[in-house]
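Letter by letter, the chains look like this.
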Amino acid sequence: MSIMNIIEKRDYIHNHLSRADEKIIDELFERLRSVFEEEAVLQSKLESRAKKSEENISAGKLFSREEIEKRTNQIGS
């Protein structure tokens with residue numbers, strides 16, 4: 001089989017989906033649902049971290065470059 005680009009893969013799946021049995025549809029559904037739920041959780045975590053970072057910056061909770069370097073150098077010591 002030749003290497004297919006994303007559009008060709010989507011077309012192939014779409015064109016053959018009607019021929020798939022229930023087991024294949026269920027497996028595909030669960031896999032897609034799992035992937036998109038993981039993405040939603042990650043997005044939520046990233047948004048939460050960004051909001052907390054913005055709050056820390058607004059509150060003046062910042063580290064100087066020297067403090068960051070000191071903390072970084074202490075990791076694993």
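In this text, all values refer to a predicted model and were calculated from it rather than measured experimentally.

Colleague: Where do I start with the overall build of the chain in this structure?
Modeller: Of the regular secondary structure elements, the chain holds 3 helices and 0 strands. Across the chain, helices and strands are ordered from the amino to the carboxyl terminus as α-α-α. In summary, the chain has a C-alpha radius of gyration of 23 Å against a globular reference of 11 Å for 77 residues, an excess of more than 25%. With respect to the three principal axes, the spread of C-alpha positions in the chain is 60 × 30 × 25 Å. Across the 77 residues that make up the chain, the buried fraction comes to 0%. Approximately 7,700 Å² of the chain is accessible, and the part contributed by carbon and sulfur atoms is 55%. In the chain, the 14 positive side-chain charges and the 16 negative ones have mean positions that sit 7 Å from each other.

Colleague: In this structure, what is going on with the environment of Asn-15? I would like to understand it.
Modeller: Checked against the element boundaries, Asn-15 lands in helix α1 (residues 6-17). Separated by 34 residues in sequence, Asn-15 and Arg-49 have C-alpha atoms that sit 41 Å apart.

Colleague: Which parts of the structure should I look at to understand a nonpolar patch on the surface?
Modeller: Together, Tyr-12, Ile-13, Leu-17, Ile-25, Leu-28, Leu-32 and Phe-36 make up an exposed nonpolar region whose accessible area comes to about 610 Å². Contributing elements (two or more residues each) for the nonpolar patch: α1 and α2 (22-58). Element by element, the count of residues in the nonpolar patch is highest for α2, at 4 residues. Residue Ile-13 is classed as partly exposed on the basis of its relative accessible area, which comes to 45%.

Conventions and cut-offs
Residues numbered from 1 in each chain as written. Predicted model: local features only at pLDDT ≥ 70, side-chain atom pairs only at ≥ 80, totals over all residues. Heavy atoms only, no water. Helix = DSSP H or I, 4+ residues; strand = E, 2+ residues; numbered from the N terminus. Rg over C-alpha atoms; globule rule 2.2 N^0.38 Å. Buried < 20%, exposed > 50% of the residue type's maximum accessible area, 1.4 Å probe, protein only. Areas by Shrake-Rupley, 256 points an atom, 1.4 Å probe, with all protein chains shown as cover. Lys, Arg positive; Asp, Glu negative; His and termini not counted. Charge placed at Lys NZ, Arg CZ, Asp CG, Glu CD. Patch = residues over 30% accessible without salt bridge, like charges linked within 9 Å, V, L, I, M, F, W, Y side chains within 5 Å. Salt bridge = Lys/Arg side-chain N within 4 Å of Asp/Glu carboxyl O.

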